[in-house]
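# Summary of structural features
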Amino acid sequence: MEKRCTDSQVKGVSTGTTILAATFDGGVVIGSDSRASIGGEYVSSKTINKVIQVHDRIFSCIAGSLADAQAVTKAAKFHLSFHSVQMETPPLVIAAASVLKELCYKNKDELQAGFITAGWDRKNGPQVYVVSLGGMLISQPVTIGGSGSTYIYGYVDAKYKPNMSKEECLQFATNALALAMGRDNVSGGVAHLVVVTESGVEHVVVPGDKLPKFHDE
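What counts as what
- Residues numbered from 1 in each chain as written.
- Predicted model: local features only at pLDDT ≥ 70, side-chain atom pairs only at ≥ 80, totals over all residues.
- Heavy atoms only, no water.
- UniProt positions renumbered as here; feature names shortened; annotations may be inferred.
- Helix = DSSP H or I, 4+ residues; strand = E, 2+ residues; numbered from the N terminus.
- Polar contact = N/O pair within 3.5 Å; in protein donor to acceptor, adjacent residues only side chain to side chain.
- Salt bridge = Lys/Arg side-chain N within 4 Å of Asp/Glu carboxyl O.
- Buried < 20%, exposed > 50% of the residue type's maximum accessible area, 1.4 Å probe, protein only.
- Pairing = 2+ DSSP bridges.
- Axes fitted to C-alpha atoms, helices over the stretch in contact; angles between N-to-C directions.
- Contact = heavy atoms within 4.5 Å.
- Expected span 1.5 Å × (residues − 1).
- Arc of directions from axis to C-beta.
- Core = buried A, V, L, I, M, F, W, Y, C linked by side-chain atoms within 4.5 Å.

### Digging into the UniProt feature "active site" (unreviewed entry) in the protein
Under the UniProt annotation, "active site" (unreviewed entry) lies at T17. Examined against the element boundaries, T17 turns out to sit in the loop between α1 (7–12) and β1 (19–24). At 2.7 Å, the side chain of T17 and the side chain of K50 are in polar contact.

### A look at the pattern of salt bridges
Evaluated as defined, the whole model comprises four salt bridges. For D33, the salt bridge is made with K50, and the minimal N-O distance between the two is 2.8 Å. In this pair, D33 is assigned in the loop between β2 (27–32) and β3 (36–38) and K50 in the loop between β4 (42–45) and β5 (51–55), connecting sequence segments 17 residues apart. Both residues of the pair, D33 and K50, belong to the buried class. With a closest N to O distance of 2.5 Å, K166 and E202 form a salt bridge. A residue pair is termed long-range when its members are at least 10 positions apart, and K166 in helix α5 (residues 166–183) and E202 in strand β12 (residues 200–206) qualify at 36 residues. Its relative accessible area of 30% is what places K166 among the partly exposed residues.

### A few points about the sheet that holds strand β11 (residues 191–197)
Spatially, the five strands line up as an open sheet ordered β10-β1-β2-β11-β12, and their pairing is antiparallel. The sheet terminates laterally at β10 (142–145) and β12, the two strands that pair on one side only. Pairwise comparison of adjacent strand axes, ignoring direction, gives a mean angle of 15° for this sheet. Bridge count between β1 and β2: six bridges; the pairing is antiparallel. The residue of β2 that forms the bridge with I19 is S32. Sheet strands touched by α5: β1, β2, β10, β11 and β12. Its angle to β1, the strand with the most contacts, is close to 160°.

### A few points about α5
Its 18 residues place the ends of α5 26 Å apart at the C-alpha level, agreeing with the 26 Å of an ideal helix rising 1.5 Å per residue. Burial in α5 covers these residues: C169, L170, F172, A173, T174, N175, A176, L177, A178, L179, A180 and M181. Each element contacted by the buried residues of α5 is listed here: β1, β2, β10, α4 (153–159), β11 and β12.

### Quick notes on helix α3 (residues 93–106)
Between the first and last C-alpha of α3 there are 20 Å, a value that for 14 residues agrees with the 20 Å anticipated at 1.5 Å per step. Within α3, burial applies to V93, A96, A97, V99, L100, L103 and C104. Along the axis of α3, the buried positions cluster into a sector of 155°, meaning they face one direction only. Against β6 (58–64), α2 (66–87), β7 (113–121), β8 (125–131) and β9 (137–139) lie the buried residues of α3.

### Considerations on the nonpolar core
Ranked by internal contacts, the top residues of the largest apolar core, which has 26 residues, are V29, I152, V156, F172 and L193. For this core, the secondary-structure elements that each account for two or more residues are β1, β10, α4, α5 and β11. Looking at this core, the element that brings in the most residues is α5, giving 10 residues. Ignoring any residue separated from it by four or fewer positions in sequence, one finds F172 in contact with A22, V142, Y155, V156, K159, Y160 and M164. Listed in part, the 20 residues of the second largest apolar core include I62, A69, V93 and Y129.

### Describing the environment of F24
In this structure, F24 sits in strand β1. C-alpha of F24 to C-alpha of V195: the two residues are 171 residues apart in sequence and 9.9 Å apart in space. Once you skip the residues sitting within four places of it in the chain, F24 turns out to touch V29, P126, M164, S165, K166, C169, V195 and T197.

### Structural notes on the pairing of β8
Within β8, six of the seven residues are buried, which leaves the element mostly enclosed by the surrounding structure. Summarising the sheet, β7 and β8 pair through seven bridges and their orientation is antiparallel. Note on β8: the bridge partner recorded for F115 is V131. Taken together, β7 and the strand that follows it, β8, pair antiparallel across an intervening segment of three residues. Pairing analysis gives three bridges linking β8 to β9, with the strands arranged antiparallel. When the bridges of β9 are listed, Y129 appears paired with S139. The loop that links β8 with its antiparallel partner β9 comprises five residues; one of these, G134, has a positive phi angle of about 105°.

The structure is reproduced here in structure tokens:
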């Protein structure tokens, strides 16, 4: 069978990012850095928002090829909007994650993008799902992704606690992103965070110079 892509083509979409999501008592925090790079070498944008709203209380973080991820989230928005009209009720978070999973699986030979989907619904409350490259779907209370995630697995394992307060979870997410951005040369910029609860959605942006420092940078 003919190989679909060469090594140079794979290198061409090699990108860097740090994304995460975590549940807390009554809600979920989802966030990312804001740096977009080409080939892991050239920084094309310092201020891109990788936390995409796919429905009222459902958000997705993107990692991998930005063009692929944007195309998939745009298609997912359409599917979820149509689903909401048909069912006359907001979609469940698992429904949004399943739509992303199907899109990724059906186009697995063409796409190089992964997603973290998080949100709140009346049936199951706060939820976090991972849709990996190829279309695998996993539910987890906390998850991280992207090149920067390799630097913070120990921190996340040690510091995450179920049923944290909103403030504790926001600080946990901010610290995790700061640690990854300080170590990973293709993650950086500002920290985009979104808090989703029954009462609504709150956007938090932490500028790079306001992020906590844990070592000499």
